[in-house]
Amino acid sequence: MAEPVRCDVCGGLFSSSHLSSHKRLSHGGKTTGHIPKSHINDQDAMRRIVDLFDGLAEESKKNVLDRLTAPRGTP
Ligand SMILES: [Zn+2]
């Protein structure tokens, strides 16, 4: 039996096998718009980002790093 895992983005409980796909579907494509931005400070944001990053597949991590390190301002 899979243990429920709490989603650190929306706080919902999901089985561990579903959590990563839930995050991808519910929070992956867009910014976490349902969380008031004023409630997130930099420390929280960074921890969230690292948590999410750790949950990604290696391929996706590379993709994220490529985007983060790409020069800004190019459409
Ligand atoms: Zn969630």
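All values reported here derive from a predicted model rather than from experimental measurement. (Residues numbered from 1 in each chain as written. Predicted model: local features only at pLDDT ≥ 70, side-chain atom pairs only at ≥ 80, totals over all residues.)

1. A word on the overall build of the protein
(1) Moving on: Counting secondary structure elements, the protein contains three helices and two strands.
(2) Moving on: For the protein, the α and β elements follow one another from N to C terminus as β-β-α-α-α.
(3) Moving on: The buried share of the protein, reckoned over its 75 residues, is 1%. (Helix = DSSP H or I, 4+ residues; strand = E, 2+ residues; numbered from the N terminus. Buried ≥ 20, exposed ≤ 12 C-beta atoms within 10 Å, placed from the backbone.)

2. Description of the confidence of the model for the protein
Predicted coordinates in areas of low pLDDT are best not read in detail.
(1) Moving on: Looking at the protein, pLDDT values average 82 and 79% of them are 70 or higher.
(2) Moving on: When pLDDT is averaged over each helix and strand of the protein, the minimum, 84, is found for helix H1 (residues 16-28) and the maximum, 93, for helix H3 (residues 58-69). (pLDDT = per-residue confidence, 0-100.)

3. Looking at H3
(1) Moving on: Here H3 spans 16 Å end to end across 12 residues, near enough to the 16 Å set by a 1.5 Å rise per residue.
(2) Moving on: Of all 12 residues making up H3, only zero are buried, and the element is barely covered by its neighbours. (Expected span 1.5 Å × (residues − 1).)

4. Quick word on H1
(1) Moving on: Helix length check: H1, at 13 residues, gives a terminal C-alpha distance of 17 Å against a target of 18 Å (1.5 Å per residue), a fit within 8%.
(2) Moving on: Approximately 30° is the largest bend angle found in H1, and it occurs at His 22. (Bend = angle between axes of the 7 residues up to and from the residue.)

5. Brief notes about the environment of Phe 14
(1) Moving on: Looking at the element boundaries, Phe 14 is found in strand S2 (residues 13-15).
(2) Moving on: Between the C-alpha atom of Phe 14 and that of Glu 3, which follows or precedes it by 11 residues, the distance is 8.2 Å.
(3) Moving on: For Phe 14, the contacting residues outside a window of four places in its chain are Pro 4, Val 5, Cys 7, Leu 19 and His 22. (Contact = placed C-beta atoms within 7 Å.)

6. Considering the environment of Gly 28
(1) Moving on: On the secondary structure map, Gly 28 appears in helix H1.
(2) Moving on: Sequence-wise, Gly 28 and Leu 52 are 24 residues apart; in three dimensions their C-alpha atoms are separated by 8.9 Å.

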